[in-house]
Amino acid sequence: MNAIALDADPAQQVLHEVFGYTAFRGAQREIVDHVAAGGDALVLMPTGGGKSLCYQVPAIQRHRAGRGVTVVVSPLIALMHDQVGALDELGVPAAFLNSSLDGDEARRVERELMSGQLVLLYAAPERILTPRFLAMLESLNERGLLSLFAIDEAHCVSQWGHDFREEYLGLSALHERFPAVPRMALTATADDHTRADIVERLQLADARLFVASFDRPNIRYTIVEKDEPRRQLLRFLRDEHDGDAGIVYCQSRKKVDETAAWLSDEGLTALPYHAGLDAGVRRKHQDRFLREDGIVMVATIAFGMGIDKPDVRFVAHLDLPKNIEAYYQETGRAGRDGLPADAWMAYGLADVVNQRRMIDEGEAGEDFKRLQRTKLDALLALAEAHDCRRVRLLAYFGEDSTPCGNCDNCLNAPATWDATEAARKALSCIYRFHQHGGQRFGAGHLIDVLRGKATDKVAQYGHAGLSTFGIGADVAEAQWRSVLRQLIALGHLRADGEYGTLALTASAREVLRGDVQLLLRVPAEAPRRTKTGRTTRPARDKPPPLPLDDAATARFGALKAWRAEVAREHNLPAYVVFHDASLAEMAREQPDSLDALAGISGVGAKKLEAYGAEILRVLAGASSTDQD
Ligand code: ADP
Ligand code: ZN
């Protein structure tokens, strides 16, 4: 009975038997069925949404049906090793071809490929497009053993995207040479422009488009205004992520180095990562991040693409990313395992000025700059929002939703104030500067004048005599900064040059006329220190940890120690052996037979056979010491 039911659903059978999972997530099922049946597909799914399964399950199904190998195009050599290692652990014949292999190893893989025994072959695009490799594919194809092309990180084909790779342009050759072989392209970057580029350049006009929901419900979004950002970061790390693995993004290499050194001084295990470091150091730091527990990686955006560590518990931004796509992709690296995770960002007026300047001074053409500015504005609007962050994020990707209950604004609705009048005052003060001496000034001086401060600069320029001197004394400095950020974000004000000097734009007139109403969030008050030295702001709730009692926690610890040993022996990251979530479930459920163990999520047939007996022994051992 059972066997017949399973046979009737080969996709479900592969999911359960090979991966040990009980159910497909969201759109996975539909995608798998479409591709297994030979359809072309373009898959847009957020980071951590489960893209790999979308090509791995059909690859296994089609190989079982005698159709041969699935070729996976992947831009990242570093990642292939771990991905193939993970498939190996699952008992799926897979290999990679890239420049890290020596001649003998490469020939061995080629032999495996030509014999038809491989289910999946990972290769970089430049390798795939060599005459030698294309000839091998021809030969496989003639024998009906070329099953599917899966093009991962497909946005690399687009110049509009942020990871353009020249080699990806050549991939249209695959369709031209092997028109009958189905293809799927996968990416997490989804704006319309990039999407259209992928379709055109990979010739996927007839492919079915699958757009999964971009929601990542387990990620909690928090955006704070900078106010001693280091202290804010440290408090976030200590209060909410003690001992957790996570990523801290900074914009410059210098800031990465400084921040990592400072966090280390504070007693955290923090490592720097940026393109200026020696390749060997980078590899070592990445390896430690993947293989050890609780490492904080401080990095530029050079780090992250293709990092599929599932238990990254937080992603923190100390500087503003370029746009919402980048923010979403970077924060999406948190919580792939579905357990609670945090996306935390601190930003300030200087960030806005910096990003603007980088765009203005960039080499790009005017069209591209305009697009970049629009995208930056959307990100600023998100940062300044006083309503649900997730609703705004999803709306940006074209999805409607309702307030999420799991972002800072939902959890703690910020107060708002009507800044319409303040905005008019700020703009007219800038106008007065202009009339007075044609000089331009930055935000600091402007705020001093508005608040009526008698500084040296005020004296030097005679600004105490302006009609706008002191007209904004009732508005706090932090509030003024938020007004200026907002005016820049809305395009009524421009910040130029190294000092971010402010100038009115054509649309400033609308604000001066009172046509633009501004409702702003009240900047969160800096927490005050009490006599005991503790801050008065209560630590925000830590996301619920895996609910384990003391005995189960001991078993979980024993299982982790066992896993670490296996991972070391196999030269793989621990999560490739088992996810934390699987070990926690074992610790909680205490399966006492192989049958019971097979019911744990993440335990497929191969892992049950390879590790089942040992796991039962570890569990029994941990329970018995427990009772002593
Ligand atoms: P993406 O490539 O889209 O960023 P991955 O393919 O790495 O995401 O998947 C994210 C995590 O979710 C992986 O650890 C994967 O094992 C897990 N996962 C994917 N699909 C399922 C599923 N149907 N059930 C349980 N876990 C899943
Ligand atoms: Zn929300």
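Just so we're clear, the structure is a prediction, and the values are computed from it rather than from any experiment.

(A) Region of interest: the site of ligand 1. As a structural note, the neighbourhood of ligand 1 is formed by 15 residues, with Tyr21, Gly48, Ser52, Arg336 and His579 the closest of them. Residue Ala23 places a main-chain N or O atom 2.9 Å away from a nitrogen atom belonging to ligand 1. Between Arg25 and ligand 1, the recorded distance is 3.2 Å, taken from a side-chain N or O atom to an oxygen atom. Counting residues per element, the shell around ligand 1 draws most heavily on helix α4 (residues 51–64), which supplies 3 residues.

(B) View of the sheet that holds strand β6 (residues 183–187). With parallel pairing, 7 strands are arranged side by side in an open sheet as β3-β4-β2-β5-β6-β1-β7. Only two strands of the sheet have a single neighbouring strand rather than two, namely β3 (94–97) and β7 (208–211). Here the average twist between neighbouring strands, direction ignored, is 20°. Bridge count for strand β2 (residues 69–73) against strand β4 (residues 120–123) is 4 bridges, and the pairing is parallel. Following the sheet pairing, Val72 is matched in β4 by Tyr122. Helix-sheet contacts for helix α3 (residues 28–36) involve β1 (41–44), β5 (146–151), β6 and β7, and the interaxial angle to β7 is about 160°. Contacts from helix α10 (residues 192–201) reach β1, β6 and β7 within the one sheet, and its direction differs from that of β1 by about 155°.

(C) Main features of the coordination of the zinc ion (ligand 2). Around the zinc ion (ligand 2), the protein supplies Cys388 (SG), Cys404 (SG), Cys407 (SG) and Cys410 (SG) as donor atoms, at distances of 2.3 to 2.4 Å. Metal-centred angles of 102 to 118° between the 4 donor atoms at the zinc ion (ligand 2) mark the site as tetrahedral. Mapped onto the sequence, the donors of the zinc ion (ligand 2) take the spacing C-x15-C-x2-C-x2-C. Residue Cys388 is found in the loop between α16 (366–384) and α17 (389–396), and its partner Cys410 is found in helix α18 (residues 408–411); the two are separated by 22 residues along the sequence. Residue Cys410 is classed as partly exposed on the basis of its relative accessible area of 27%.

Analysis parameters
Every chain is numbered independently, its residues counted from 1 as its sequence is written. Written order determines the labels here, with chains lettered from A and ligands numbered from 1. Where local features are concerned, this predicted model is filtered to residues with pLDDT of at least 70; where side-chain atom pairs are given and counted, the filter is 80 or more; whole-chain, interface and lining totals use all residues. In computing side-chain properties, one takes all heavy atoms of the structure into account and sets aside hydrogens as well as water. Nearness here has a simple test: a residue counts as near a molecule or strand if at least one of its heavy atoms is within 4 Å of that partner. Any pair of N or O atoms that falls within 3.5 Å is considered a polar contact. Within protein, one atom must be able to donate a hydrogen and the other to accept it, and sequence-neighbouring residues count only if both atoms are side-chain atoms. Runs of E in the DSSP output that reach at least two residues are strands. Runs of H or I that reach at least four are helices, and both are numbered from the N terminus. Think of it this way: DSSP has to see at least two bridges between two strands before they count as a pair. The angle between two axes is taken between their N-to-C directions and runs from 0 to 180 degrees, where each axis is a line fitted to C-alpha atoms and a helix contributes only its stretch in contact. The contact rule is simple, with two residues in contact once any of their heavy atoms fall within 4.5 Å. The rule for donors is simple: N, O or S, within 2.8 Å of the metal, or within 3.2 Å if the metal is Na, K or Ca. Water isn't counted, so a site may look like it is missing partners. In short, tetrahedral needs four donors with all angles between 85 and 135 degrees, square planar needs four and octahedral six donors with opposite donors over 155 degrees apart and all other angles between 65 and 115, and whatever is left is irregular. The classification of residues rests on relative accessible area computed with a 1.4 Å probe and restricted to protein chains. Under 20% of the type maximum is buried, over 50% is exposed, and intermediate values are partly exposed.

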